[in-house]
Amino acid sequence: MSNTRLQLLALVLLGIGGVQGKYGDLAGNWLVDYGQAELRLLSDESKQLQLHIYDVHPQDATLGYHFVVRSRDDRRAVANQTVPGQEFDASGSWLGTVNVTGKRFGYSDLLVELHSDGGAIEAFPQPLSIAVLRERVIDERITTYVSAALALLMFLNLGTVLDLQRLQDIVCRPVGPVVGIVSRFVVMPALGFGLGRALWPGQQPLQLALFYTALAPSGGLANVCAVFLKGNINLSIATTTINSLLAIAFMPLWIMVLGRLVYDDDELTVPFGQLSGGAAALVACLAVGLLLRLCVPKTTRFIFRFLKPLSVLLSLSLVGLTVGLNWFVFAEFTWQVLVAALCLPLAGYLATYLLSKLLCRSATDALTLAIETSVLNMTMPIVLLQASQLEQPQLDLVLVVPITASLLSLVLVIVFYGVRRCLGWNVRQDEHAFDHKQLIAEHDEAVYQRP
């Protein structure tokens, strides 16, 4: 009975799917010349590829055969052509063209298979690599500059709420900033490295994308979140500024140490110009905001009154611009990306909060530092990846990691804020917690007391 079942199964395989044979069994060691090492084309672009199949010498002359040329992944590229055995000359050679059409950015392979009429199939062991590129709609430099301008406006807005006395206290007793530094440049890179290795073994570009996402210092979004969650805004901005300045030193160090383990490419570079320029611009905008508060009190009172709406508007513009121009990355969304995007900010938040409490920080400071660590930067990892010399379309394929992680970290904070509001927990816990009404009152009192 078992032999009968095996025979039936063999017949099904021969009749429907064919039997995958060993290369060389059907027609000797036949060869394929693609005329190039790699085929690169744009999405929705078609190219004619000249293909030469030769040295085809069937072992059984009575058995008919044909060749099938196809794409390994039809989602990326499409190629489907059949070459009958009758088109081969006496020497077993065929020369012709194959049409290949790009569909979605990414990688595929052009496979050449020999099919016998008996159902056996063997494939040429060296397929042609196909790289499908995304057509550029807007220059990436334009989006980078616009995003930077929005971020700097955000810091200019936040600079007006800085309190020099409280900043001095933070600098003189820098326990909070030290916790922020350790969390950002020790805890988060270690988490990113471990998660990347666990979720994408052997996929170095994705590991590198998550590592850079964890390493990049937080931006103005973390400061805005601290405003809404009634955190210590002075500590939040001070930590962001210090981390942005220290990133110029810590990023090259981490990239030289763990970056080489994640991605064994000697061309990993650090965009020192962009890092130093961004840090200098951040400090300049905060200084301008602080000067506005000291020198133009009427203007700063207006900013105080509309601080939250302005912060929300700038934040939505920054996030909307980045996501809108990179919407294509979500086609590469997988469960591994979801797990990484959830685990990285949650683990960062818990680790930083526990470290803050171990060092006897107040609840407000612990919340502020945890938010500072867990709200991930969306723009900086993209800049780092662009500087890493990843070729297209590989760069586009990995952008889903930093963008998704940053978005979900923001969503988690919004959910956290909603829960706090519903349960009545979103209140000031000490004098350092942010309250825009008290800020306006203190500012009016200071202006009134001026001679």
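The present account deals with the structure reproduced in this document. (Residues numbered from 1 in each chain as written. Predicted model: local features only at pLDDT ≥ 70, side-chain atom pairs only at ≥ 80, totals over all residues. Heavy atoms only, no water.)

## Considerations on the packing of helix H11 (residues 335-358) against helix H15 (residues 400-423)
What counts is decided by this rule: In this description, a line fitted to the C-alpha atoms serves as the axis of each element, helices being fitted only across the stretch in contact, and the angle between N-to-C directions of two axes falls anywhere from 0 to 180 degrees. A run of H or I in DSSP becomes a helix once it reaches four residues, and a run of E becomes a strand once it reaches two; helices and strands are each numbered from the N terminus. Here is the rule for angles: anything less than 35 degrees is roughly parallel, anything more than 145 is roughly antiparallel, 65 through 115 is roughly perpendicular, and the remaining ranges are oblique. Rotating anticlockwise by less than a right angle from the far helix to the near helix defines a left-handed crossing, while the corresponding clockwise rotation defines a right-handed one. Any two residues whose heavy atoms approach within 4.5 Å are treated as being in contact. In the scheme used here, Gly and all other residues not listed as nonpolar or charged are polar, with Ala, Val, Leu, Ile, Met, Phe, Trp, Tyr, Cys and Pro taken as nonpolar and Asp, Glu, Lys and Arg as charged.
In the contact formed by H11 and H15, the axes pass within 8 Å of each other and the chain directions differ by 50 degrees. As judged from the angle between their axes, H11 and H15 are oblique. Between H11 and H15 the crossing geometry is right-handed. Residue-level inspection shows Val337, Leu338, Ala341, Leu342, Pro345, Leu346 and Tyr349 of H11 in contact with H15, the latter providing Val400, Thr404, Ala405, Leu408, Ser409, Leu412 and Phe416. Class assignment of the residues belonging to the contact of H11 with H15 gives a composition of 12 nonpolar, two polar and no charged.

## What to know about helix H13 (residues 379-387)
Put simply, the test is: Burial here depends on accessible area, computed with a 1.4 Å probe over protein chains only, as a share of the maximum for the residue type. Under 20% is buried, over 50% is exposed, and the range in between is partly exposed.
With seven of nine residues buried, H13 is to be regarded as a mostly interior element. Buried within H13 are the following residues: Met380, Pro381, Ile382, Val383, Leu384, Leu385 and Ala387. One or two residues past the end of H13 sits Gln389, with phi positive at roughly 70 degrees.

## Some details on the side chain of Asn243
Of note, Asn243 is situated in helix H7 (residues 233-262). The exposure class assigned to Asn243 is buried, which follows from its relative accessible area of 1%. Excluding anything up to four places from it in sequence, Asn243 contacts Gly180, Ile181, Arg184, Phe185 and Pro217.

## A closer look at the sheet that holds strand S2 (residues 31-33)
Under the convention used in this document: Two strands are said to pair when DSSP picks up at least two bridges between them.
Within the open sheet, the four strands sit side by side as S2-S4-S8-S6. Their pairing is antiparallel. Single-partner strands in this sheet number two, and they are S2 and strand S6 (77-78). Two strands pair when backbone bridges link them, and S6 and strand S8 (residues 94-102) are joined in this way by two bridges, in the antiparallel orientation. Looking at S8, one finds that Ala77 is bridged to Gly102.

## Observations concerning the packing of helix H5 (residues 204-215) against H13
Any two packed helices are characterised by the angle at which their axes cross and by the distance between the axes. The geometry of H5 relative to H13 is characterised by a closest axis approach of 8 Å and an angle of 135 degrees between their N-to-C directions. Here H5 lies oblique to H13, going by the angle between them. In terms of crossing hand, the pair formed by H5 and H13 is right-handed. Residues Leu208, Ala209, Tyr212 and Thr213 of H5 touch H13, and the partners they reach there are Pro381, Leu384 and Leu385. For the contact of H5 with H13, the residue count by class is six nonpolar, one polar and no charged.

## Some details on the pairing of strand S11 (residues 128-133)
Burial runs high along S11: five of the six residues are buried. Of the pairings in the sheet, the one linking strand S3 (residues 38-42) to S11 comprises five bridges and is parallel in character. Directly across from Leu41, in S11, lies its bridge partner Val132. Here strand S9 (residues 106-116) pairs with S11 via five bridges, running antiparallel. Pairing of Gly106 across the sheet is with Val132, part of S11.

## Observations regarding H15
Definition in use: Helix span, as expected, comes to 1.5 Å for every residue beyond the first.
Relative to the 34 Å expected for 24 residues at 1.5 Å per residue, H15 spans 34 Å between its end C-alpha atoms, a close match to the ideal helical length. For H15, the set of buried residues is Val400, Val401, Pro402, Ile403, Thr404, Ala405, Ser406, Ser409, Leu410, Val413 and Arg420. Immediately downstream of H15, the backbone of Gly424 shows phi near 75 degrees, a positive value.

## Section: the packing of aromatic side chains
Short version of the rule: In this scheme Phe, Tyr and Trp rings, the latter by its six-membered ring, pair at centre separations within 6.5 Å, and the angle between planes marks the pair as stacked below 30 degrees, edge-to-face above 60, and tilted otherwise.
For the structure shown, the criterion picks out 16 aromatic pairs. An aromatic cluster is defined as three or more aromatic residues linked by ring pairs; in this entry it consists of Tyr23, Trp30, Tyr34, Tyr65, Phe67, Phe88 and Phe124.

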